[in-house]
Amino acid sequence: MSKREAFLEAACRENVEDFFRFIQLHKDKAEPYDVEEVVQEMPRDQRGALWGRLSLLLQDVLLELPPGRWEEAADPNHVVALVDGVTLVATVSLKVLQDGDTYSALLEIAHRLHDVLVSLPASEAPLQLHIRTLCEAWWKKGLQEKEKFGRTAFLFALQTSFISKKPAAEIQRVWSLRDVLLSLDYTSEDNSQIIDLLLQCFHRPVYFRNDDGKRFLVFLFSCDVNFIPVIHGTIKNHLEFYSKSMTTQITEIYFRAWKKASGEFLEKMESSCIQDLMQNAILLHRASPVHTKVRQILSYFKTRKGCHKVDKMLYNLYRPILWKALTAPNFEVRANATLLFTEAFPVHHPDHSNKNIDENIQKQLDTAMSLLNDPHPTVRSNATLGVCKILVKCWELLPPTVVTDFLKKLVMELAQDSSSPDVRCSVFKCLNIVLDNPLSHPLLEKLLPTLKYSLHDNSEKVRTAFLDVLIKVKAVRAAKFWDVCSMDHLLARLAVASHSVSKRIVALLFKSFFPVDESDSEWCLRCITLIQMNPMAARKFYQYAHKHTAPTNIIKLMLAIRRTLNSCVQIDCVQIDCDQTDIDDGNKENSMQAGPVILEKDMAVVFSLLEVVVILWRSVEKPLKQNEEAQKYIAAKFGSVLPKYFQAFEDERFTVLLIQLALFMPPTAVPTFSCGVLSKLRRMDSAAAPAQYGQLLECMCSWGKAAHVLELITDWLTESLPKQGDTTVNRKVRVLETVESKPDLALAYLEYLFSRTSTQEKVLALGQTPLKQLHTVLGNWKSVLYTHLSSTTEDPKCPSVETALKAFVFYGRLSAHLQHNFSEGRDYLLSLLHVAEWVADKVLPFLTKPTNDDSEDSEQSQPLAAQITESFLTVCRDVLLVGLGDEEFKGQIVHLCSLILLSEAGYLCIPAVLPILKEVASGYVPEDIQDQENQEDAATVVLGMVANVFQKIIELLARCLRKEPEEGKRLCQSAVPGLTDFLQVAQTWDRAPLSGVFSTVFAVIVVEKRHLLQKITHPEEVITPQSVEDMPPLSSVLLSVLLKSPSITRSFLAEVSSSVNSEAISSLNELAAVLHILAVIKHEGRAKAGLKHAAVSVQQQLHKYAVTSVDSRDVQRDIYESSVTTLNEILHL
């Protein structure tokens, strides 16, 4: 039996194993068996018989096991292999199909496989691909019912291109099947799926990155004329979300589609797409995220100007819309149209005669000039930009008079437009564009000097834009910048300028005053010249100099200035620099002659030179640290002359600068000065300002002598404490000088050291031992505070209460530093808790209200007790703020707050207690509200305490307002910041205990307002409040806090709705009080959705009092009617 006959016999159910064997032989590359060759060799009738047998085989299998039930088969792979084999034979049959062949049986096979393809799960991807290949081949062959098979092949290729990890092959397949779309009915519902997928292609980046993908997107514009507006609408809807690169690709697709279009397709492209984009570019708000992208698309077309077809299209499409928009009443429309017009200039029809084109262009030039005179600054700014672009693009084509008129208009008028800094700024920014054209330089050289006073414009952005023009003038050599704006003006502005202006002026002047190609002596001479011209400008110049040259040049200039300073103080240069080569003999003679003149007559220049050295050294401090050799060299050079400088320059101004210089050097470089710094700190006056001792402290820290300063502080604080018993103290003798202890100055030193990062790091680096000793000493100052609290007479030997209070506060601050830097446990937190106990036991008993029987001493003790308590609470707040407080600490501090509030005059400390509550609550606010249920029990306890303390605060405020209204109002106002911060934290909680905070606030406001309503005796007294000020005192304060933040307002309104719905509001007066609250919120215009919801809740309760109010006394009826009116006003928002 031949291979053909054997294969034919195998195509039946009885011989299916043979069929599988033949298919396997075909797939095995090592075997010579080829199914395609076998089918090709078959006679026509034999091929027909084969297709018929395979059709019956496939029919039997699929009737028995449809695709959805293949898993039920004993061997599912057997079924898949059979269908795959039939697909293989059908596919190769298409390749050998000849004209005249009857292929009805093959068509039946294709239909059945088509149905299988539609039903196949995604897991059968290989079989799916083989059947898709069959459908694709059928469509390309052009056989019967090709549309059905082609559509399916295209649909599957399109879907796969979206999800495939390597979509390039699928996109290529989609491109090869593109003609399927030409026979598609785009209005049929049956094709809605494929149309949706086609539209999705326009927001799939993979199609923009692929060449075939872009060709396909362009092709879609030519499939159906009515499909073009649908595509355009899809692109517009997604334009906001396109990246800049994707917008560029979309722009190219529009252009290519328009370029290939013709006939009705071209007309539809122009009217529905391009002209629609033009309309949008004119009518969209400038702030719209789509506006810039629409302009980007249109700009692409305008870059193709010069092409006959493009020029004609722009002329035809702009003609009905652009000229009207340029005269529209709305300024944004005019501004947008101005940009489009100037970008498209000249808008002309290429087929018109030259005369018509010239007339048209002249009209457009007149229009551009009129736009520069537009009443709105935005239009004038846009017109300025457009005119400058026109000048750059068409300079040689425009008449010289037109160019001159435009530039004169810009420079002489708009650059000095007093009504708008934006217009002035726009002129200078756009002149940079004009300067790019070398042909503009001769004319601008004459016009720009009229702008010199723009350097002093009252708008900083105008000043910076003007300087950018000067920098551009210098770069392109259009003119000499000092002819445009004189050096005096530039230096005067530099002296007072901000950072953005200063850096531009320095960039402009750098080569003039720091010519790097010249010698360092020349640099020094230029420096002196600059100082003589404007000392303040010199300071600024050298602050930015390091950004324009290498650190080596900065150091060279410093050494050159040093030589000049040496000559000023007549230092023997040979004696000082005998081993250096930076000063030659000739210079020594010249220096000695010039020195006395400068010293006697111009000490201001000397001072400025010294100041410049300090500025320059600070600017290269980091590079010097990286080059140890250079740092040692420059320190040695300046260290050798610093003692002479101190002798020669005795003025306090010079001393400050010399100390700053010493700060940059190691102590060994300035031994004489460094040895005397500690002595100066000892002898410093107690009332000295930070400016007098700050630099000395920084020097000590910089030289690694912070320990000496800390020891001095500790000694002074120890000696100042009152002694008990024997007052003799054993001390180490280190300096043979006796100075009385200065505790105030010691605390001032301590404040300075810890308030600056650089000095704080040096002090903390000393380790725990000296700091712990200081900590102990500071803690002992509590006894001084208690002495002042309990003493009936003032002891002159006892330190002042202000000093003791500062030491007490610093004890807490130092505890926080030590806890953070040294303690792995909670040693220093315990010290703070001990202080809390001390406050509770020793201080709070004095926190009482003075009575007539009290002595003057008790009147003094109460404010001091409040001051001590508030100071300690402030320290605790800071500890909590930086996250150092643990669970126990938080609980103990909140407990202390409750004890404070229970004191007779504890209400005075409410402003200090509220920040504690806020920080404690903040520590438990979870990042996700759902995690609140996972809070530990200890946290719940602490937060419960917080809620209770807050409730106590509200009660105390109410009591204080009731008993002492004026004091109560002052207290409430001082508590407002703390209340705001605490409620901001509380509003993030939607469960107990902090959710009850808003319940407390709501209840207090309702009770206070209800109390006033109950006092009403006449109907005319029933007045709905219009603002917070119309509410009772406490309610006014609380509502002002609630209305400060939208989130707090929403949380409060949620509590209002909840309380009303729970029927906690049980009387008409209370409902009226609620409505008064809502009325105030309404007039403030806050949280409209929450307000309406709360009003609806009130409405559901208010009807209960409608009947009874008719029989009630007149006041109740008026309250009800007023409530109904208020409710209606709210619900009609």
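Up top you'll find the structure we're talking about.
Structure report, in brief.

Rules behind the numbers
Residues numbered from 1 in each chain as written. Predicted model: local features only at pLDDT ≥ 70, side-chain atom pairs only at ≥ 80, totals over all residues. Heavy atoms only, no water. Salt bridge = Lys/Arg side-chain N within 4 Å of Asp/Glu carboxyl O. Helix = DSSP H or I, 4+ residues; strand = E, 2+ residues; numbered from the N terminus. Buried < 20%, exposed > 50% of the residue type's maximum accessible area, 1.4 Å probe, protein only. Phe/Tyr/Trp six-rings, centres within 6.5 Å; stacked < 30°, edge-to-face > 60°. Lys NZ or Arg CZ within 6 Å of the ring centre and 35° of its normal. Core = buried A, V, L, I, M, F, W, Y, C linked by side-chain atoms within 4.5 Å. Contact = heavy atoms within 4.5 Å.

**Topic: the pattern of salt bridges**
- Taken as a whole and judged by the stated rule, the model has 29 salt bridges.
- Residue Asp436 is joined to Lys472 by a salt bridge in which the shortest nitrogen-to-oxygen separation is 2.6 Å. In this pair, Asp436 is assigned in the loop between helix H23 (421–435) and helix H24 (441–447) and Lys472 in helix H25 (residues 460–476), connecting sequence segments 36 residues apart.
- Under the relative-accessibility criterion, Lys472 is labelled partly exposed at 24%.
- If you follow the salt bridges from partner to partner, you end up with Arg132, Glu136, Lys140, Glu170 and Arg173 in one network.

**Quick look at the packing of aromatic side chains**
- Going through the model one piece at a time under the given rule, you end up with 38 aromatic pairs.
- Ring centres of Tyr207 and Phe216 lie 6.2 Å apart, and the angle between their planes is 40 degrees; on these two criteria the pair is classed as tilted. With respect to burial, Tyr207 and Phe216 carry one shared label: buried.
- Above the face of the Trp175 ring, Arg178 is positioned so that its terminal group lies 3.8 Å from the ring centre.
- Its guanidinium or amino end placed over the ring of Tyr786, Lys842 lies 5.5 Å from that ring's centre, counting from NZ or CZ.

**Some remarks on the nonpolar core**
- If you look at the biggest cluster of nonpolar residues, it comprises 407 residues, and the most contacted ones within it are Phe216, Phe221, Leu407, Tyr542, Phe1052 and Leu1078.
- The greatest single-element share of this core, amounting to twelve residues, is contributed by helix H50 (residues 937–963).
- Among all residues touching Tyr542, those that are not within four sequence positions of it are Phe513, Phe514, Trp523, Cys527, Leu530, Leu557, Val612, Ile615 and Leu616.

**Overview of unusual backbone geometry**
- Looking along the chain, the bond that leaves Phe345 and enters Pro346 is cis, with omega of -10 degrees.
- Examined against the element boundaries, Pro346 turns out to sit in the loop between helix H19 (331–344) and helix H20 (354–371).
- The backbone of Glu145 shows a phi angle near 55 degrees, a positive value even though the residue is not glycine.
- In the Ramachandran plot, Arg477 falls in the positive-phi region, its phi being about 60 degrees despite a non-glycine side chain.
- Under the relative-accessibility criterion, Arg477 is labelled exposed at 75%.

**Some details on the environment of Cys699**
- Tracing the backbone shows Cys699 in helix H39 (residues 690–702).
- Taking relative accessible area as the criterion, Cys699 reaches 0% and is therefore assigned buried.
- Along the primary structure Cys699 and Phe664 are separated by 35 residues, whereas in three dimensions their C-alpha atoms are 8.3 Å apart.
- Once you skip the residues sitting within four places of it in the chain, Cys699 turns out to touch Ile659, Ala662, Leu663 and Phe673.

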